[in-house]
Amino acid sequence: MSALTARIPELLRDGLFRRYWAGQSVSALGDQVTLLVVPLIAVTALHADAAQMGYLAAAGWLPYLLFSLPAGGWADRRPDRRRVMIATDLGRAALLLTVPAGYALDLLSPAQLYLVVFAAGSLSVVFNVCNPPLFVALVPADRYVQGNALLNGSRALAYVAGPGLGGLLVQLLAAPAALVADALSFLASALLLRRIGPVEPPGDPAGSGRTTAGLRWIRESRTVRAALLGTATVNLFTLMTSTLFVLYAVGELGLSAGLLGAVLGAASIGAVLGAAVTGRITRRIGVGPAFLLGLIAYPAPLLLVPAAHGPTPLAAALLFAAEFGSGIGVMVLDIAAGSIFAAVVPDHLRSRVSGAYQAVNYGVRPIGSLLGGTLGSTLGLRPTLWLAAGGALLSFLWLLGSPIPRLRDLTAARPDADEPHDEPHDAHDERLDAPVGERPGEPAGAPTDRQDPRPVRPVTLTDSGICPTNMTDSDPRPNVRG
C-alpha cells in the first residue's frame, strides 16, 4: 500500500461507502446553494414581505412536525429503503425544476414557492428516516465514528463552499435558474445511490400500525431519551440566539454586511476543524464523554455573543470567536451522537426512532424562534441572548443521570446491551439484534449480515475520523432537504 493510499480513511477505500458518501456530499453542497437561493427568489423575483418570508420558513419546517412519525413507521416496514431514497431524490429534483420553469413562463408565485418547499421538505422527511438503516448496512460497527466524521466533514465543507457557490450562480444566472444546480445535486445523489446494493436490514411486518413505537422506545431507552432531551433543549435555546443574531449584530453592534458575512463564515471553518478532531477526541475520552463535551462546547461559546460590546473590531472578534467555537462543538456533538444512535437503536426500529427523534428535535425549532422574537421584543436583545446562551449551556444536565457519560466505546452500546424492545418481533429480528457470533445457529466469529464479509471486531474507537446518519442535526438553518 502506498503512503498516499494509507492516508485515505479505510471507509473511503470501500467502493460502496465511497459512492454513498459522495452522494451525501454533493447533496449537502446543493443544500447550501438552496439555503441562499430560495430566500433570494422570494425577495428579488416575488418581492416577498416579512410575513411571506415567515410563511416560507414555516413551509420548510412543517413537514417534520406532520410526517416524521408516520414516515418512520412506514419506512421500517419496507425492505427496499434505498430505492425509496432514490425516488425521493428524483422527486425533489423535479420539484425544484418547476421553479425556474415557472419563472421563465412568468407564472411563478409565492404559493408555488410555498408548495415546492413544503413538498420537497416532505420528501426529505422520508429520505431522512430511510437513511439510518442504510448507514448501518454500509458501515461496520467499528467504523461508526469514522463514517459519521466523514459525512459531517462533508457537511461542514459544504457550509464553507455552498453559500459562495450559490452567490456566484445568482450573479451569473437569475436566482430561479440557480436552483438547477440543486436539482442536479439530487440527480447525482440518486445515481450514486443506484450504484450501491448493500444488504439492508429487513423490513418489520410486525411494526404495521405502530407509528408511535419509536417514541415509546425512546421513552424506555435511558441513553436515547437523555440524548433527545439534551439535543432538543440545546436546539430550543440556540434557535433563540440564531433568530436574534443578525438583528443584534447589525442593529446594536453596528457590523456591516461584509463583516457579518465573515463572522457567520467562522462557524463553517470551526465545523470543518471539529469534524477533523472528533475522532481523536473520542479515542482519548470515549464516545459518551465526547457527546457530553459536545453538548457543552456547542453552546458555551455563545456566551460571547451578548458579551460583545465596545469598538466594532472588538465586538466582531467576540462574535467570530463565538461562531468558530460553536462550529467545533456542534461537530463533536453530532458525530458522537450519530455513532451512539447507530450502535444502540435496533434494526427493526431504526426508521421509527429516527422519525420520532426528528419530530421532537425539529419540532422545538419554530418554538425557539417564536420565543426568541417574543422575549427579544419585551426583555431586549442582550438580556434574551444571555438567557438563551445560559439555557442552552444547561442542556448537558439531562445526560448526567444516563449511561452516556460512562460510555467509553460502542461495544457497551449494542442494541441488546441494556436497551428495551417495546414490541415483539420475529426470530429473524432477534438474530439481527444479537451480537455477531451469538446469533442462534451461528458459530463464534460468523460474518456480519452486511455486505462486508469480514467479522466485525470489537469497537475500540482507535479508528481515525479525518474530517451519519445525523439525528441531532444541530445546525439551525432550515432547508428543503432537512
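Residues numbered from 1 in each chain as written. Predicted model: local features only at pLDDT ≥ 70, side-chain atom pairs only at ≥ 80, totals over all residues. Heavy atoms only, no water.

A closer look at the overall build of the protein
The cut-off we apply is this: To qualify as a helix, a DSSP run of H or I must reach at least 4 residues; to qualify as a strand, a run of E must reach at least 2; elements of each kind are numbered from the N terminus. For each residue, the accessible area found with a 1.4 Å probe, counting protein chains only, is set against the maximum for its type, and the residue is called buried under 20%, exposed over 50%, and partly exposed in between. Shrake-Rupley sampling with a 1.4 Å probe provides the accessible areas, and residues are treated as covered by the protein chains on show and by no other component.
Assigned secondary structure in the protein consists of 17 helices and zero strands. For the protein, the residues scored as buried account for 54% of the 482 residues in total. If you sum the accessible surface of the protein, you get close to 18,500 Å²; carbon and sulfur atoms cover 67% of it.

Topic: a nonpolar patch on the surface
Worth spelling out the cut-off: Patches in this entry comprise residues that are over 30% relatively accessible and not in a salt bridge; like charges within 9 Å are linked, as are nonpolar side chains (Val, Leu, Ile, Met, Phe, Trp, Tyr) within 5 Å. For salt bridges, the criterion is a side-chain nitrogen of Lys or Arg within 4 Å of an Asp or Glu carboxyl oxygen.
A surface patch of nonpolar side chains, amounting to about 380 Å² of accessible area, comprises Leu 90, Leu 97, Val 180, Leu 184 and Leu 187. Elements supplying a minimum of two residues to the nonpolar patch: helix 4 (81-104) and helix 7 (175-194). It is helix 7 that contributes the most residues to the nonpolar patch, three residues altogether. Mapping Leu 184 onto the fold places it in helix 7.

Looking at unusual backbone geometry
With a phi angle near 60°, Asp 106 is a residue other than glycine that sits in the positive phi range. With respect to the helices and strands, Asp 106 occurs in the loop between helix 4 and helix 5 (110-138).

As for the side chain of Ser 185
Our working rule: By the criterion applied in these results, polar contacts are pairs of N or O atoms within 3.5 Å in which, for protein atoms, one can donate a hydrogen and the other can accept it, and in which residues neighboring in sequence qualify only through two side-chain atoms.
Relative to the helices and strands, Ser 185 resides in helix 7. Of the residues examined, Ser 185 reaches a relative accessible area of 5% and is grouped as buried. A distance of 2.6 Å separates a polar atom in the side chain of Ser 185 from the backbone oxygen of Asp 182.

With respect to the pattern of salt bridges
One pass over the full model with this rule turns up six salt bridges. In this structure, the salt-bridge partner of Asp 76 is Arg 352, at a minimum N-O distance of 2.9 Å. One end of the pair, Asp 76, is in helix 3 (residues 50-76); the other, Arg 352, is in helix 14 (residues 350-378), with 276 residues separating them in the sequence. In this structure, Asp 76 and Arg 352 share a single accessibility class: buried. For Asp 80, the salt bridge is made with Arg 78, and the minimal N-O distance between the two is 3.0 Å. Exposure remark for Arg 78: the relative accessible area of 27% places this residue in the partly exposed category.

As for the packing of helix 14 against helix 15 (residues 381-393)
How we decide: Each axis is a line fitted through C-alpha atoms, taken for helices only over the stretch in contact, and angles between the N-to-C directions span 0 to 180 degrees. For classification, angles of less than 35 degrees are called roughly parallel, those exceeding 145 degrees roughly antiparallel, those between 65 and 115 degrees roughly perpendicular, and all remaining angles oblique. The hand of a helix crossing depends on one turn: near helix anticlockwise from the far one by less than a right angle means left-handed, and clockwise means right-handed. Only heavy atoms enter the contact rule, under which two residues are in contact if any of them lie within 4.5 Å. Under the grouping applied here, Gly and all other residues not named as nonpolar or charged are polar, the nonpolar ones being Ala, Val, Leu, Ile, Met, Phe, Trp, Tyr, Cys and Pro and the charged ones Asp, Glu, Lys and Arg.
Contact geometry for helix 14 and helix 15: axes closest at 7 Å, N-to-C directions at 140°. With respect to each other, helix 14 and helix 15 are oriented oblique. As for the relative orientation of helix 14 and helix 15, their crossing is right-handed in sense. Contact with helix 14, carried on its side by Gly 372, Leu 375 and Gly 376, involves Leu 381, Thr 384 and Leu 387 of helix 15 and no other residues of that element. Looking at the contact of helix 14 with helix 15, its residues break down into three nonpolar, three polar and no charged.

Here's the deal with the nonpolar core
Filter applied, for reference: Put simply, a nonpolar core is a bunch of buried Ala, Val, Leu, Ile, Met, Phe, Trp, Tyr and Cys residues held in one set by side-chain atoms that sit within 4.5 Å of each other.
In terms of nonpolar packing, the biggest core is built from 79 residues, with Tyr 20, Tyr 144 and Phe 291 touching the most fellow members. Examining the composition of this core, we find that 12 residues originate from one element, helix 13 (residues 312-344), more than from any other. Grouped together as the second largest cluster of nonpolar side chains are 22 residues, Val 33, Val 38, Ala 42 and Ala 59 included.

Let's talk about helix 7
Test applied: An expected span of 1.5 Å times one less than the residue number is assigned to each helix.
Spanning 20 residues, helix 7 covers 30 Å between terminal C-alpha atoms, matching the ideal 28 Å at 1.5 Å per step. For helix 7, the complete set of buried residues consists of Ala 175, Pro 176, Ala 178, Leu 179, Asp 182, Ala 183, Ser 185, Phe 186, Ser 189, Ala 190, Leu 192 and Leu 193.

Observations concerning helix 11 (residues 287-297)
With eight of 11 residues buried, helix 11 lies mostly within the body of the structure. Buried residues of helix 11: Val 287, Gly 288, Pro 289, Ala 290, Phe 291, Leu 292, Gly 294 and Leu 295, and no others.

Focus: the packing of aromatic side chains
The condition that has to hold: Put simply, two rings from Phe, Tyr or Trp (the six-membered ring, in Trp's case) pair if the centres are within 6.5 Å, and we call them stacked under 30 degrees between planes, edge-to-face over 60, tilted for the rest.
Scanning the model with the defined rule gives three aromatic pairs in all. Arranged with centres 6.0 Å apart and planes meeting at 70°, the rings of Phe 67 and Phe 118 form a pair that is edge-to-face. Here Phe 67, found in helix 3, pairs with Phe 118, found in helix 5; they are 51 residues apart in sequence, far enough to count as distant. Of the residues examined, Phe 67 reaches a relative accessible area of 33% and is grouped as partly exposed. Taking relative accessible area as the criterion, Phe 118 reaches 25% and is therefore assigned partly exposed.

Section: the environment of Gln 146
Turning to its location among the elements, Gln 146 is positioned in helix 6 (residues 144-172). Residue class for Gln 146 comes out buried when judged on its relative accessible area of 4%. C-alpha separation for the pair Gln 146 and Thr 278, spaced 132 residues apart in sequence, amounts to 9.1 Å. Engagement of the side chain of Gln 146 in a polar contact is seen with the backbone nitrogen of Leu 11, the distance being 3.2 Å.

Things to note about the environment of Asp 347
Structurally, Asp 347 is set in the loop between helix 13 and helix 14. Judged by relative accessible area, which is 11%, Asp 347 ranks as buried.

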